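Residue-level structure breakdown
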Amino acid sequence: MDQEMNMESRVDDMIKDQYLTFAIENEDYGVEIANVKEIVGMDAITKVPEMPDFIEGIFNLRGELIGVLDVRKRFGIPSKEHDEETCIIVIIGDRIQEGLGKLGLIVDAVRETVIIPDDKKLPPPNARLRNINQFIRNIGHVGDDIKLLMDLEKFLAQD
Amino acid sequence: MADFDRESMLDMFIFEMNQLVEQLENTIVQSESEYNIDQINEIFRVMHTIKGSCAMMLYDNIAAVGHAIEDLFYYLREENPKNLDFKTLSDHVLEGADFVKAELGKISNGQTSDGDGSVLIKHIGNFLKAIKAGTPVQTPAPPPVAPTAVATSPPPAPQKSEPPVTKAAPAASKAVKAAPAPAQTEAKSELEEGDMMYQYKAMIYFQDGCEMENIRAYTLVHNLQDIAQDITHTPKDVIDEATIELIRQNGFEIEFTSDLDYARVNNHLSQTVYLRELNLMELGTTMTTVKMPHDLPPVTEAPITEIEPSVEPEEIEAIKSPVTANEDAIKKAAAAAATPAAPTTTNLINVSIKKLDDLLNLMGELVISEATVTQNSELKGLPLDNFYKEARTLQKIIGNLQQTVMSMRLVPLSNTFFKMNRIVRDMCRQLEKDVHLEIIGEDTEVDKKIIEHIGDPIMHIIRNSIDHGVEMPVDREKTGKPRKAKVILEAKQAGGDVLIIIKDDGRGINTEKVLRKARENGLTTKADHEYTEREIQQFIFLPGFSTNDTVTNFSGRGVGMDVVVKNLEICGGTALVDSTPGIGTTFTLKIPLTLAIIEGMSVSVGGAQYTIPIVNIQKSFKATKDKLFTDPNGNEMVSERGEIFNVVRMHEFFHIQGAVTNIEDGTLMMLENGDQVICLLVDFLIGQQQAVVKPMPKYFKRVQGISGCTLLGNGDVSIIVDVPGFFDK
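1. Details of the overall build of chain A
A count of helical and extended segments in chain A gives 2 helices and 11 strands. In chain A, the order of α-helices and β-strands from amino to carboxyl end is β-β-β-β-β-α-β-β-β-β-β-β-α. A separation threshold of at least 6 residues defines the contact pool for chain A, and within that pool the share at least 24 residues apart is 58%. Carbon and sulfur atoms make up 45% of the accessible area of chain A, which totals about 8100 Å².

Structure, rendered in structure tokens:
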């Protein structure tokens with residue numbers, strides 16, 4: 001997973017409805033591709049004291065220091081040993097909230113990019129059975145598969 | 001080349017204007033009570049440039065104000081009237097400067113400059129009238145004749161007369177350029193056309209910032225060959241780029257003979273693109289001056305503005321190509337050269353801070369990349385003597401490069417300091433106080449980023465000092481102080497910090513009043529008598545604290561000192577106040593020399609690396625059991641060289657897992673913050689290194705005791721420890 005995918009915001013229209021999907025535990029999730037800067041393999045991450053436990057630390061992206069979040073921990077799922085599939089999705093935080101800069105999300109594996117038009121998106125069920133719900137904006141259908149489309153704004157919000 | 005790239009010119013324009021306004025303010029504030037002729041000349045020149053540039057960029061409203069002030073100073077310069085009300089004069093000019101500043105602000109924010117300066121112009125006009133009425137010596141106003149644009153075909157005689165205001169313009173620009181010939185006002189009377197050969201000499205000045213003056217000169221000569229012979233010119237070698245500066249400063253001089261008459265030659269030459277000024281003379285006889293339209297009032301009909309370059313475009317391209325690579329450099333040089341500044345700054349160029357930041361980042365990457373190459377694990381055990389020798393050279397070069405890049409970000413505080421003159425002046429006028437601002441050490445250099453944050457705090461403190469500290473002149477005399485109060489603004493370097501000291505000789509801080517206010521606002525935490533004078537004084541830095549019962553124009557809203565602390569925090573600085581009743585108050589701002597790089601000691605705690613700024617470290621040592629003890633509250637202490645210090649365990653402070661918990665097994669770092677000292681327990685020392693300071697990712701909340709992060713040589717990230725943070729918790 002070393003190749004990089006540079007997606008600039010100016011092609012927004014072209015990539016509307018395009019999602020990058022990734023795996024956490026047994027499910028596939030999606031983030032809007034416009035928010036994704038690149039995907040990089042796991043690298044050494046420096047712990048920062050006094051941070052919430054889902055903040056993994058800082059890593060060096062070619063000289064730029066980027067904060068990294070562990071998606072599993074944020075979802076409240078027990079973490080698992082990193083393997084060769086584990087990677088960091090670098091998202092453009094500025095697009096979600098001005099001034100955030102770039103942020104890295106540790107995911108189990110990156111799957112593919114898919115197009116999910118609006119008529120293939122359903123709202124999540126309204127019963128809040130797990131705290132995971134609050135980070136999901138829509139449920140997307142791709143053929144027979146289900147992709148949980150993330151609400152990055154809520155995902156990044158810190159209380 | 002005929003296209004006129006307004007966008008890129010706009011940046012240069014705004015930059016230049018800001019410099020001019022600053023220069024103007026400084027000149028006025030320095031010499032407020034009375035202007036000497038040099039200062040009048042200088043203000044005149046500055047206003048002239050402002051007017052010209054604004055007219056060129058089509059900001060007629062600003063140009064009009066500039067024009068009015070220029071008129072005023074033109075009169076002062078020519079007539080030197082006595083008994084001038086310099087205070088009112090300064091007010092008018094400063095109002096003008098404020099207007100220009102406000103409009104520039106709009107322009108740089110991408111808004112349209114829509115300010116109406118007509119009231120201001122009227123005031124200035126009235127003032128000028130008043131001066132004129134007060135002085136018997138009247139100017140013979142030059143006859144108002146339509147400005148002479150270059151006539152089309154051979155007109156009999158180019159009249160030499162321009163509207164009264166612009167008459168001074170050539171002289172002024174010449175003063176700047178230090179051109180040899182004073183403008184002659186003789187009109188050329190007669191011209192004949194025939195087989196005769198005329199000998200001409202022409203001085204040509206290109207517009208400021210038009211760039212590639214040498215190529216323009218070359219083109220000019222080339223075109224001249226159609227109508228003239230025996231062409232000689234100075235500087236001789238126009239293809240050499242070194243001549244650009246010469247042409248810019250001294251103009252381009254051509255001598256030639258032609259069978260065409262004066263008017264035709266003049267017409268031919270004035271078609272030159274980007275021509276600012278042309279002095280053509282028939283040798284030994286006459287000379288005339290043609291001003292290009294952008295220097296004339298905007299209403300002027302200008303037939304020449306439409307003229308296209310008379311040279312084929314391909315030709316220009318051909319000439320241009322060898323220099324295109326240098327165009328950026330030339331542009332920068334032009335930006336610098338176009339800025340009328342003191343002689344000491346003429347060989348400076350202006351670079352955007354963004355580029356410097358990028359450079360710094362690249363530098364960091366280079367250092368890391370160098371380390372990963374030369375210390376690559378695949379090289380281990382190989383006999384590579386020569387490789388390592390070369391690698392060391394590379395290391396050395398990169399080291400020097402890094403130092404240079406770092407030093408590029410340092411700028412002197414002088415601009416920030418001199419701006420305070422204006423504030424002091426304005427406040428004194430309004431509060432009717434008499435204050436002299438003394439500036440010391442303004443050439444002290446600090447990081448550009450810090451400069452951005454330090455201006456406001458200094459301003460607030462100075463305002464505070466003059467508003468609260470300095471007494472009215474009458475009261476000062478009663479207490480035996482000199483009538484004129486003194487505020488000293490001083491900068492000096494102390495280790496890795498810069499100290500900015502603002503000292504006044506006013507009445508000092510009324511600690512009783514401060515304490516009472518603090519109590520009223522619920523800021524006190526212990527009994528009144530337990531507070532020391534010094535502790536009480538520090539209350540003034542708390543948000544919303546103001547002892548002024550009435551809100552004045554300058555202070556009393558209680559936001560000032562708060563801003564000081566906030567701004568200082570951003571750049572890692574601290575503020576202290578020290579006051580003696582009746583004698584005065586001293587504010588000391590301590591700011592780091594640079595945000596960009598620190599000398600740090602890497603330490604390991606629980607397997608992670610932390611960097612502690614060397615400036616805070618007194619020493620490190622191992623403690624033995626007999627030196628360690630604990631008080632009943634559980635505070636750990638260590639005795640070292642007969643002194644007792646508190647022990648702070650870094651792993652406890654930051655809740656780090658897996659660290660050394662037995663003090664004897666770890667290392668104690670003796671850290672100082674002002675006059676306090678603690679001993680910090682870390683696992684072990686790794687080594688000393690320079691660290692490029694980077695801010696923590698914005699997503700992370702601020703943690704007390706952490707000021708940022710840094711990249712280490714091996715690409716790892718290290719957390720930079722903020723030593724004062726250990727003392728506050």
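Moving on, there is more to tell.
2. Description of the sheet that holds strand β20 (residues 676–682) of chain B
Residues and elements named next belong to chain B. Taken in spatial order, the 6 strands of this open sheet run β15-β19-β20-β18-β17-β16, and their pairing is mixed. Only two strands of the sheet have a single partner each, and these edge strands are β15 (617–621) and β16 (628–630). Sheet twist, expressed as the average angle between the axes of neighbouring strands with direction ignored, equals 35°.

3. Focus: the interface of chain A and chain B
Counting from both sides, the interface comprises 27 residues of chain A and, opposite them, 22 residues of chain B. Counting the surface lost from both chain A and chain B, the interface buries some 2000 Å², and carbon and sulfur atoms represent 67% of this. For chain A, the biggest contributors to the area lost against chain B are Pro49, Glu50 and Leu65 of chain A; these three give 31% of the whole. At the surface where chain A touches chain B, the tally comes to 0 salt bridges. Taken together, chain A and chain B are joined by 4 residue pairs in polar contact (both at pLDDT 80 or more). Elements represented by at least two residues in the side of chain A that touches chain B include exactly β4 (55–61), β5 (64–70) and α2 (152–156) of chain A. Of the residues assigned to the side of chain A that touches chain B, the class counts are 17 nonpolar, 7 polar and 3 charged.

4. Re the pairing of β20 of chain B
Residue and element names in this part refer to chain B. Buried residues dominate β20, accounting for 5 of its 7 residues. Examined bridge by bridge, strand β18 (residues 643–649) and β20 share 4 bridges and lie parallel to one another. What sits directly across from Asn646, in β20, is Ile678. Sheet topology places strand β19 (residues 667–673) next to β20; 7 bridges connect them, and they run antiparallel. The residue of β20 that forms the bridge with Met670 is Cys679. Here β19 folds back onto β20, and the loop between the two strands holds 2 residues, one of which, Gly674, carries a positive phi near 65°.

5. Details of the packing of aromatic side chains
All names here are of chain B. Evaluation of the coordinates by the stated rule reveals 13 aromatic pairs over all chains. With a centroid separation of 6.2 Å and 35° between ring planes, the pair formed by Phe44 and Tyr74 is classed as tilted. Of the two residues, Phe44 is situated in helix α2 (residues 37–56) and Tyr74 in helix α3 (residues 60–79); the sequence distance between them amounts to 30 residues. The same class applies to Phe44 and to Tyr74, which are both buried. Its guanidinium or amino end placed over the ring of Phe621, Lys619 lies 5.2 Å from that ring's centre, counting from NZ or CZ.

6. So, helix α8 (residues 243–250) of chain B
Residues and elements named next belong to chain B. Thr243, Ile244, Ile247 and Arg248 are the residues of α8 that are buried. An end-on view of α8 places all buried positions within 140° of arc, on one side of the element. Note on α8: the residue one or two positions beyond its end, Gly251, has a positive phi of about 85°.

7. Some details on the packing of helix α12 (residues 353–374) of chain B against helix α13 (residues 385–408) of chain B
Residue and element names in this part refer to chain B. It is the contact of α12 with α13, at a shortest axis distance of 10 Å, that shows an interaxial angle of 160°. Taken together, the axis directions place α12 and α13 in an arrangement best described as roughly antiparallel. α13 is crossed by α12, and the crossing has left-handed handedness. From α12, Leu356, Leu359, Leu360, Met363, Leu366, Val367, Glu370, Val373 and Thr374 reach across to α13, where they touch Phe387, Tyr388, Ala391, Leu394, Gln395, Ile398, Leu401, Gln402, Val405, Met406 and Met408. Looking at side-chain class alone, the contact of α12 with α13 contains 16 nonpolar, 3 polar and 1 charged residues.

8. What to know about the sheet that holds strand β10 (residues 136–142) of chain A
Spatially, 6 strands are ordered β8-β1-β2-β11-β10-β9 (chain A) in an open sheet, and the strand pairing comes out mixed. Both edges of this open sheet fall to β8 (109–115) and β9 (121–122) of chain A, since each of them pairs with a single strand only.

9. A short note on unusual backbone geometry
All names here are of chain B. In the Ramachandran plot, Glu432 falls in the positive-phi region, its phi being about 55° despite a non-glycine side chain. As for its position among the elements, Glu432 is in the loop between α14 (414–431) and β7 (435–440). Phi angles above zero are rare outside glycine, and His655 is one such case at about 55°. Inspection of the secondary structure assignment puts His655 in the loop between α20 (650–653) and β19.

10. Thoughts on the pattern of salt bridges
Residue and element names in this part refer to chain B. Applying the stated rule across the entire model yields 35 salt bridges over all chains. Between Arg422 and Asp98 there is a salt bridge, with the nearest N and O atoms lying 2.9 Å from each other. Linking Arg422 in helix α14 with Asp98 in helix α4 (residues 86–108), this pair joins segments that are 324 residues apart in sequence. For Arg422, a relative accessible area of 9% puts it in the buried group. Residue classification places Asp98 among the partly exposed residues on the basis of a relative accessible area of 34%. For Lys354, the salt bridge goes to Asp358, with nearest N and O atoms at 2.9 Å. Residue Lys354 and its partner Asp358 are located together in helix α12, separated by 4 residues, close to a single helical turn. Residue Lys354 is classed as exposed on the basis of its relative accessible area, which comes to 52%.

11. Thoughts on the pairing of strand β11 (residues 145–150) of chain A
Residues and elements named next belong to chain A. Relative to β11, strand β2 (residues 27–32) runs parallel, the two sharing 2 bridges. The residue of β11 that forms the bridge with Gly30 is Leu149. In this sheet, β11 lies alongside β10 in antiparallel orientation, the contact comprising 6 bridges. Bridge pairing in β11 links His141 to Ile146. Taken together, β10 and the strand that follows it, β11, pair antiparallel across an intervening segment of 2 residues, in which Gly143 is found at a positive phi of about 60°.

12. A closer look at the side chain of Glu56 of chain A
Residue and element names in this part refer to chain A. Position of Glu56 relative to the elements: it lies in strand β4. A polar contact of 3.3 Å, which involves the side chain of Glu56, links it to the side chain of Lys73. If we skip the residues at most four places from it in the chain, Glu56 touches Ile45, Thr46, Lys47, Val68, Leu69, Asp70, Lys73 and Ile106.

13. Brief notes about the packing of α3 of chain B against α4 of chain B
Residues and elements named next belong to chain B. Two numbers describe how α3 lies on α4: the axes approach to 10 Å, and their chain directions differ by 155°. With respect to α4, the axis of α3 lies roughly antiparallel. Crossing of α3 against α4: the hand is left-handed. Across from Asn61, Ile62, Val65, Ile69, Leu72, Phe73 and Leu76 in α3, the residues of α4 making contact are Leu89, His92, Val93, Gly96, Phe99, Val100, Glu103 and Ile107. Residue classes in the contact of α3 with α4 are distributed as 11 nonpolar, 3 polar and 1 charged.

14. Focus: the environment of Thr27 of chain B
All names here are of chain B. Considering the arrangement of structural elements, one finds Thr27 in helix α1 (residues 6–30). For Thr27, a relative accessible area of 7% puts it in the buried group. Each C-alpha atom, one on Thr27 and one on Gln39, is 6.7 Å from the other, the two residues being 12 residues apart in sequence. Beyond its immediate chain neighbours, meaning those up to four positions away, Thr27 contacts Gln39, Glu42 and Ile43. Of the polar contacts made by the side chain of Thr27, one reaches the backbone oxygen of Gln23; its length is 2.6 Å.

15. What to know about the confidence of the model for chain B
Residue and element names in this part refer to chain B. Here chain B averages 74 in pLDDT, while 78% of its residues score no lower than 70. The secondary structure element of chain B with the lowest average pLDDT is helix α6 (residues 164–177), at 40, and the one with the highest is α20, at 94. Per-residue pLDDT stays below 50 along residues 136–194; that stretch engages in 90 contacts with residues further than four places along the chain or on separate chains. Segment residues 332–345 is flagged for pLDDT under 50; beyond a separation of four residues in sequence, or across chains, it makes 17 contacts in the model. Interface confidence in the predicted complex, given as ipTM, is 0.83; pTM for the same model is 0.47.

Quick notes on the rules
Residue indices follow the written sequence of each chain, beginning from 1 at its first position. Naming scheme: in the order in which they are written, chains are lettered from A and ligands are numbered from 1. With pLDDT at 70 or above as the cut-off, local features in this predicted model cover only qualifying residues; side-chain atom pairs require 80 or more to be listed or tallied, and sums for whole chains, interfaces and linings still use all residues. Based on all heavy atoms of the structure, the side-chain values leave hydrogens and waters out of the count. Secondary structure is summarised from DSSP: a helix means a run of H or I of at least four residues, a strand means a run of E of at least two, and numbering begins at the N terminus for each. Contacts between residues were defined by any pair of non-hydrogen atoms, one from each residue, lying within 4.5 Å. Note on areas: Shrake-Rupley with a 1.4 Å probe; residue coverage comes only from the protein chains shown. At least two bridges found by DSSP between two strands are what make those strands a pair. Every angle, taken between N-to-C directions, lies between 0 and 180 degrees, and every axis is a line fitted to C-alpha atoms, over only the stretch in contact when it is a helix. The term buried area refers to how much accessible surface (probe radius 1.4 Å) is lost by two components on association, counted for both of them together. Here, a salt bridge means any Lys or Arg side-chain nitrogen found within 4 Å of an Asp or Glu carboxyl oxygen. Throughout this description, a polar contact denotes any pair of N or O atoms lying within 3.5 Å of each other; where both atoms belong to protein, one of them has to be capable of donating a hydrogen while the other can accept it, and for residues adjacent in sequence the pair is counted only when both atoms sit in side chains. Classification used: nonpolar for Ala, Val, Leu, Ile, Met, Phe, Trp, Tyr, Cys and Pro, charged for Asp, Glu, Lys and Arg, polar for all others including Gly. Categorising residues by exposure relies on relative accessible area from a 1.4 Å probe, with only protein chains included: less than 20% of the type maximum marks a residue as buried, more than 50% marks it as exposed, and the intermediate range marks it as partly exposed. Two rings from Phe, Tyr or Trp (for Trp, the six-membered ring) form a pair when their centres are within 6.5 Å of each other. A pair whose planes differ by under 30 degrees is stacked, one over 60 is edge-to-face, and the rest are tilted. The rule for a charge over a ring is simple: NZ of Lys or CZ of Arg within 6 Å of the ring centre, and within 35 degrees of the ring normal. Think of it as the arc spanned by the lines of direction from the helix axis to the C-beta atoms. Any angle that is under 35 degrees is reported as roughly parallel, and any over 145 degrees as roughly antiparallel; angles of 65 to 115 degrees are reported as roughly perpendicular and all others as oblique. In a left-handed crossing the near helix is turned counterclockwise from the far helix by less than a right angle, and in a right-handed crossing that turn is clockwise. Per-residue confidence from the predictor is reported as pLDDT, which spans 0 to 100.

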